[in-house]
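Structural overview for review
What follows is each chain in one-letter form.
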Amino acid sequence: MDRVDRLLALVAELRAASPDPLDPAALAARLGVSERTVRRDVELLTHGGLPVRARRGRGYALPAPAAREPLSEVGSLMGPVHDTLAEAVRARRVVRLAYTDRAGARSFRDVEAHGLVVAPYGEYLVGWCRMRDGPRMFRLDRIGAAVLSGRGAEVRDLDDLLAALRVPVPRPRVGGGPLPPQA
């Protein structure tokens, strides 16, 4: 795991435990690094503007998110993942995700965020995964952390992405009658 992915995983762990502190030894074990590396990474995040609090004898913690303002790259790590993804869709930006799949494997993906979809069984980010070079849907409850990148997303048609994923697009009612048949 490279440093950027490790920092993103560290933020995901801190966010998952927030507002409770996490012990440096537990963080080191989860990330597969030494406690010294965890301390250096926390120091780097703190110098970068992330308000990680060190609680003597208890570990590291993130404070509750502050009042809402436009998201910066550092701010996207602090707020709810949903807000970061909504900002990425709104601003047509690439977002880096710490994503855990159904089998429990964590990966780090750069995704062109194109839409948020609410379904009866969960909420999804629809986007173009740069790692897989294709359209993908990511369950929001499996995204541990998300950070806005400085890169813009290509313009892609959300309907085309959904069609490639074989997700039925709801059609609006015409004249208040029954829904037209799906093709």
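Up top is the structure these notes are about.
Quantities reported herein were computed from a predicted structural model and do not represent experimental measurements.

Here the focus is helix H2 (residues 24–31). When we look at burial in H2, the residues that qualify are Pro24, Leu27, Ala28 and Leu31. The arc enclosing the buried residues of H2, seen along the axis, measures out at 100°, which places them on a common side. Residues of H2 that are buried in the fold lie against helix H1 (3–17), helix H3 (35–47) and strand E2 (59–61). A positive phi of about 70° marks Gly32, the residue just after H2.

A word on the nonpolar core. Residues Leu10, Leu14, Leu27, Val52 and Tyr60 are the most contacted members of the largest nonpolar core, which totals 23 residues. The set of elements that each furnish at least two residues to this core consists of H1, H2, H3 and strand E7 (143–152). Apart from residues no more than four positions distant in its own chain, Leu10 is found in contact with Leu27, Leu31, Asp41, Val42 and Leu45. Judged by nonpolar contacts, the second largest core, of 15 residues, contains Ala88, Val95, Val111 and Cys129.

What follows concerns the pattern of salt bridges. Per the stated rule, a full pass over the model turns up 10 salt bridges. The salt bridge partner of Glu13 is Arg30, with a shortest N-O separation of 2.9 Å. Of this pair, Glu13 sits in helix H1 while Arg30 is found in helix H2, placing the two residues 17 residues apart along the sequence. A relative accessible area of 14% places Glu13 in the buried class. The partner of Glu13 in a salt bridge is Arg106, with the nearest N and O atoms 3.7 Å apart. Residue Glu13 is found in helix H1, and its partner Arg106 is found in strand E4 (residues 106–119); the two are separated by 93 residues along the sequence.

It is worth spelling out the packing of aromatic side chains at this point. One pass over the structure, following the stated rule, counts 1 aromatic pair. Geometrically, the ring pair formed by Tyr99 and Phe138 is edge-to-face, given 5.1 Å between the ring centres and 85° between the ring planes. Residue Tyr99 is found in strand E3 (residues 93–100), and its partner Phe138 is found in strand E6 (residues 134–139); the two are separated by 39 residues along the sequence. The buried category is assigned to Phe138, whose relative accessible area is 2%.

So, on to the environment of Arg136. In this fold, Arg136 is placed in strand E6. Look at Arg136 and you get partly exposed, because its relative accessible area is 31%. Sequence-wise, Arg136 and Glu112 are 24 residues apart; in three dimensions their C-alpha atoms are separated by 9.9 Å.

The next point concerns the sheet that holds E4. As summarised here, the arrangement of the 5 strands in space is E6-E5-E4-E3-E7, forming an open sheet in which the pairing is antiparallel. The open sheet has two free edges, formed respectively by E6 and E7, since each of these has just one partner strand. Each strand of the sheet is rotated relative to its neighbour by a mean of 45°, with strand direction disregarded. Examined bridge by bridge, E3 and E7 share 6 bridges and lie antiparallel to one another. Counterpart to Leu97 in the pairing with E7 is Ala146. Each of E3, E4, strand E5 (122–129) and E7 is contacted by helix H5 (residues 81–91), which is oriented at about 25° to E7, the strand it contacts most.

Scoring rules and cut-offs
- Residues numbered from 1 in each chain as written.
- Predicted model: local features only at pLDDT ≥ 70, side-chain atom pairs only at ≥ 80, totals over all residues.
- Heavy atoms only, no water.
- Buried < 20%, exposed > 50% of the residue type's maximum accessible area, 1.4 Å probe, protein only.
- Helix = DSSP H or I, 4+ residues; strand = E, 2+ residues; numbered from the N terminus.
- Arc of directions from axis to C-beta.
- Contact = heavy atoms within 4.5 Å.
- Core = buried A, V, L, I, M, F, W, Y, C linked by side-chain atoms within 4.5 Å.
- Salt bridge = Lys/Arg side-chain N within 4 Å of Asp/Glu carboxyl O.
- Phe/Tyr/Trp six-rings, centres within 6.5 Å; stacked < 30°, edge-to-face > 60°.
- Pairing = 2+ DSSP bridges.
- Axes fitted to C-alpha atoms, helices over the stretch in contact; angles between N-to-C directions.

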